[in-house]
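Given next are the chains, with one letter for each unit.
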Number of protein chains: 2
Amino acid sequence: MLVVQKYGGTSVANAELIKHVAARVIRRIRAGDQVAVVVSAMGDTTDELIDLAFSVSPEPDPRELDMLLSTGEQMSIALLAMALRAQGQEAVGLTGHQAGIYTRAQYGSGRIARVEADRVRTELAAGRVPIVAGFQGTTEEMEIVTLGRGASDTTAVALAVALGADRCENCKDVTGVYTADPRLAPKARQLRDITYEEMLELATQGSQVMHNRAVELASVYNLPILVTSTMVDAPGTLIHGESELEERNRVRGIAHDTDVAKITVRHVPDRPGIAAHIFEPLAEAGISVDTIVQNASERDLTDLTFTLSRNDLKRAESLMPAICGAVGAPGFVADQNLGKVSIVGVGIQTAPGYAARMFRALFDAGINIELISTSEIRLTCLIGADRVGDAVRVLHDAFALEAPDRDLRD
Amino acid sequence: MLVVQKYGGTSVANAELIKHVAARVIRRIRAGDQVAVVVSAMGDTTDELIDLAFSVSPEPDPRELDMLLSTGEQMSIALLAMALRAQGQEAVGLTGHQAGIYTRAQYGSGRIARVEADRVRTELAAGRVPIVAGFQGTTEEMEIVTLGRGASDTTAVALAVALGADRCENCKDVTGVYTADPRLAPKARQLRDITYEEMLELATQGSQVMHNRAVELASVYNLPILVTSTMVDAPGTLIHGESELEERNRVRGIAHDTDVAKITVRHVPDRPGIAAHIFEPLAEAGISVDTIVQNASERDLTDLTFTLSRNDLKRAESLMPAICGAVGAPGFVADQNLGKVSIVGVGIQTAPGYAARMFRALFDAGINIELISTSEIRLTCLIGADRVGDAVRVLHDAFALEAPDRDLRD
């Protein structure tokens, strides 16, 4: 089988780990598989490079920041290729440019437009392991563009799709996808499998296991992703299209996010176009808004609340006075100490009682709900950032997630 | 005037220095000049990357080592471009590939085949300072190749030639070229100018000021190079084609090198072809041999001595038994604790007495000469490594190099 293995920064954080990864790749090849590898920057390299950038400029130019950050992955590919060769396996490091990862000049947040995988195919055919730099692509004009934090996962999926690989393997410092973050919920249990949609909700809602764009892309091309451990020989969790366990617990997992801020625009005159007036300036400033809720408060006036990343709050606050003026609102209030907790699972909206059970569990634990939002397969409550850990634990208990799946095939 | 400024690793070793360099470039532009910049990796980055390579492989693959090392300069160009922009000057970092520095796939020791400077010209015309990564080039197949240690100087000269620049400025942690290394000879004096040939001998003979390939290239295209200080506002030393000071002291400077080893092949049967038999295997192993001297010792037998870098001695010694066998020599002796001291100046071979004065000064200081070699403008003595400092000082005194040049134009 042809697999694309992706190793994250923690898996290649130092020379010993890089040698371990090389040995792991070689074992796989000796077992008869073809392997292409995508690798992230070592450990904290990207953060260190960002610090370096801010030490020379209060607002580093995005093109130059990408030029700088892309060196992190370039180091990793070279070192891993060397380590493979030192262990007797031909290998070749390829930058995003050399690997044909094309993107437009969206510095800092490039989207992969296409993968020209000829070079990677040639290397595979010659028996050399292609080691491709994650997180980076090239424009037609040979400019280096990074694909956003965590986007090495996306590189791996895109490459797997382009190569027609049997699957993508995301090799991490965890053994798979859990029902909740084990650091918060001691009873958290590893899942045997999960659907793209469920994984997407877990990722979007703050789970660190898989980058959401990677899951979206895999979903579109129906490419299976195995989340597995770099260090431990364990089965992992398969992310795929079908839910094989019809009678399983409908709540598959609990996602959380402690990085949430909220802005409420008060007493907005309730007329058409106010949403556009509020959100267009934010979008132009590159600020991503997450949940949006509108509550009628008084006659002809409405309160509009939205959540955003805490990092973006200061910039958003600086735009709000002009926005309030434009929509005729007297003012806004901001709160930055919020978190989110979500239950995720295909079918929770069609089955009764899940929402009630969630609200009851939070209420019993004395956790105040600030805002509720839902999707097809998710129920999210905005709560105080300091109560997120408690909320994950009580929800894990409330939905008995520690009980193993019953596999209908068994 | 259009200048290419080159900043070495010491000049950009940290954020403060990078900001200083940015300010220095901007001052120059405000004074009315056009500036393109070539920059090296920060401080000890290259050495750290080499250590990293050897931590994953006992013998890092040359292609992958170049992939790794080229990240050092890529970091510098990004940071310097950011620093310039932060100070209000548009700038753009360009990798060797983006700047059109083409080379063949001679990993670790690429030679610049051509410079396609269109992108650099476009940036200059748009009022953006092009910041080009030194030390690296690209092949036609988009492979990254480094140009050998110290080759950022060469990148700068090649770019200056391609752009038709008025001159190249090599901005360093010294204020110019000295009559000898000031750390060894306290009376060393900075030169106002020096010819390419003299500079070449100083560089080849161990002076750290300019990389010899850069001087060669500048000499071919008659491009003036100003060696000047990054930190201090001082006149510097101009390296150029003509010697303006006909009546100046013919000895321009004293070069030294403490990294010398010597191998003597004893009692070689004196017949045609022995030199080829000895030096071909060394060349194939990539070992550079410096001085070669052959002394007849006994009838029909000769002793052949050559010098090489101490780093190459161990590998050379491993090849010598086979070489001795091939030429019918009974054996060889090696000495690794040697150094070289040279006097350099146009005209020293045509003017009488310089050699005698050099040998007398060394003799008076009790320094034994192991080997003598000469060129048109150089006289070199091989001596014990521990006496190199003494030799530089006594020669500086013997040729009165502390006395200033008399400028005929004054």
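Given the structure is predicted, the values throughout are model-derived calculations rather than measurements.

Enquirer: Looking at this model, I keep getting lost on the overall build of chain A. Mind explaining?
Expert: Looking only at helices and strands, chain A features 11 helices and 18 strands. Scaling as 2.2 N^0.38, a compact globule of 410 residues should have a C-alpha radius of gyration of about 22 Å, and chain A matches this with 23 Å. When each of the 410 residues of chain A is scored for burial, the buried share is 49%. Sequence separation of at least 24 residues holds for 75% of the intrachain contacts in chain A that already meet a minimum separation of 6.

Enquirer: Can you walk me through helix H6 (residues 196-204) of chain B in this structure?
Expert: Given 3.6 residues to a turn, an α-helix orients residues that are three or four positions apart in the same direction. For H6 of chain B, the tally of buried residues reaches 8 of 9 residues, placing the bulk of the element in the interior. Restricting attention to buried positions, one finds in H6 of chain B the residues Tyr196, Glu197, Glu198, Met199, Leu200, Glu201, Leu202 and Ala203 of chain B.

Enquirer: Just checking my understanding: could you explain the sheet that holds strand S10 (residues 193-195) of chain A for this structure?
Expert: Strand pairs in the sheet, formed through backbone hydrogen bonds, run parallel or antiparallel to each other. Residues and elements named next belong to chain A. Spatial strand order, S3-S6-S2-S1-S9-S11-S12-S10: 8 strands in an open sheet with mixed pairing. The strands lining the two open edges of the sheet, one partner per strand, are strand S3 (91-94) and S10. If you compare each strand with its neighbour and ignore which way they point, the axes differ by 20° on average.

Enquirer: Sorry, what's going on with the packing of helix H2 (residues 45-56) of chain A against helix H1 (residues 15-30) of chain B here?
Expert: If you want to describe how two helices pack, look at the angle between their axes and the distance between the axes. One way to put it is that H2 of chain A packs onto H1 of chain B with a least axis distance of 9 Å and a crossing angle of 45°. Accordingly, the angle class assigned to the pair H2 of chain A and H1 of chain B is oblique. Our pair here, H2 of chain A against H1 of chain B, has a crossing hand that is right-handed. Every residue of H1 of chain B that contacts H2 of chain A at Leu52, Ser55 and Val56 of chain A is listed here: Ala15, Ile18 and Lys19 of chain B. Looking at the contact of H2 of chain A with H1 of chain B, its residues break down into 4 nonpolar, 1 polar and 1 charged.

Enquirer: Is there a simple way to explain the interface of chain A and chain B in this structure?
Expert: Many descriptions give the size of an interface as the accessible area lost when the pieces come together. With 29 residues of chain A at the contact, the number on the chain B side is 29 residues. Sorting the residues of the side of chain A that touches chain B by element identifies helix H1 (15-30), H2 and helix H3 (62-86) of chain A as the ones contributing at least two each. Partitioning the side of chain A that touches chain B into residue classes produces 18 nonpolar, 7 polar and 4 charged.

Enquirer: For this particular structure, what's the right way to read the domain arrangement of chain A?
Expert: For chain A, the assigned domains are domain 1 (2-173) and domain 2 (254-398). Averaged C-alpha coordinates put domain 1 of chain A and domain 2 of chain A at centres separated by 35 Å.

Enquirer: Is there a simple way to think about the relation of the copies chain A and chain B in this case?
Expert: The operation relating the two chain copies consists of a rotation about an axis and a shift along that axis. Of the transformation placing chain A onto chain B, the axial shift is 0.1 Å and the rotation is 180°, giving an RMSD of 0.2 Å. Taken together, the rotation and translation describe the operation of a two-fold axis. Taking C-alpha positions as reference, the residue of chain A nearest the rotation axis is threonine 71 of chain A, located at 2.7 Å. Most of the interface of chain A is mirrored in chain B, where 100% of its interface residues again form contacts.

Enquirer: Hey, could you run me through unusual backbone geometry in this one?
Expert: The phi torsion of most residues other than glycine is negative, and most of the peptide bonds are trans. One non-glycine residue, asparagine 222 of chain A, lies in positive phi territory at about 50°. Here asparagine 222 of chain A is to be found in the loop between helix H7 (212-221) and strand S11 (225-229). The exposed category is assigned to asparagine 222 of chain A, around which 11 C-beta atoms lie within 10 Å. Notably, alanine 400 of chain B is not glycine yet its phi reads approximately 50°, a positive angle. Relative to the elements of secondary structure, alanine 400 of chain B occurs in the segment after helix H11 (388-398). Owing to 11 C-beta atoms within 10 Å, alanine 400 of chain B belongs among the exposed residues under this scheme.

Enquirer: Whenever I open this one, helix H2 (residues 45-56) of chain B confuses me. Can you help?
Expert: Taking 1.5 Å as the rise per residue, H2 of chain B with 12 residues should run 16 Å; its terminal C-alpha atoms sit 17 Å apart, in good agreement. Among the residues of H2 of chain B, those classed as buried are Thr46, Leu49, Leu52, Ala53 and Val56 of chain B. For H2 of chain B, the angular spread of the buried residues around the axis is 115°, confining them to a single face. Residues of H2 of chain B that are buried sit in contact with H1 and H3 of chain A together with helix H3 (62-86) of chain B.

Enquirer: Would you explain the environment of glutamine 106 of chain A in this entry?
Expert: Residue and element names in this part refer to chain A. With respect to the helices, strands and loops of the structure, glutamine 106 is situated in the loop between strand S4 (101-103) and strand S5 (112-115). Judged by C-beta crowding, with 17 C-beta atoms within 10 Å, glutamine 106 ranks as partly exposed. Spatially, the C-alpha atom of glutamine 106 lies 8.3 Å from that of leucine 147, the residues being 41 residues apart in sequence. Among residues more than four places away in sequence, those in contact with glutamine 106 are Arg111 and Val145.

Enquirer: Would you mind showing me how to read the sheet that holds strand S10 (residues 193-195) of chain B here?
Expert: Residue and element names in this part refer to chain B. Strand order in the open sheet made by the 8 strands is S3-S6-S2-S1-S9-S11-S12-S10, with mixed pairing throughout. Looking at strand neighbours, the two that pair on one side only are strand S3 (91-94) and S10, the edges of this open sheet. Taken pair by pair, the neighbouring strands of this sheet meet at an average axis angle of 20°, ignoring direction. On the sheet, H6 packs against S10 and strand S12 (237-240) and is oriented at approximately 85° with respect to S10.

Enquirer: How should the confidence of the model for chain A be read in this particular structure?
Expert: Low pLDDT means the predicted atomic positions in that stretch should not be read closely. Across chain A, the average pLDDT comes to 90, with 95% of residues at 70 or higher. As scored by the predictor, the complex reaches a pTM of 0.81 and an ipTM of 0.79.

Each value, and the rule that gives it
Residues numbered from 1 in each chain as written. Chains lettered and ligands numbered in written order. Predicted model: local features only at pLDDT ≥ 70, side-chain atom pairs only at ≥ 80, totals over all residues. Helix = DSSP H or I, 4+ residues; strand = E, 2+ residues; numbered from the N terminus. Rg over C-alpha atoms; globule rule 2.2 N^0.38 Å. Buried ≥ 20, exposed ≤ 12 C-beta atoms within 10 Å, placed from the backbone. Contact = placed C-beta atoms within 7 Å. Pairing = 2+ DSSP bridges. Axes fitted to C-alpha atoms, helices over the stretch in contact; angles between N-to-C directions. Parallel < 35°, antiparallel > 145°, perpendicular 65-115°, else oblique. Left-handed = near helix turned anticlockwise from the far one by under 90°. Nonpolar A, V, L, I, M, F, W, Y, C, P; charged D, E, K, R; others polar. Domains from an automatic or database assignment. Least-squares fit on C-alpha atoms with pLDDT ≥ 70 in both. Expected span 1.5 Å × (residues − 1). Arc of directions from axis to C-beta. pLDDT = per-residue confidence, 0-100.

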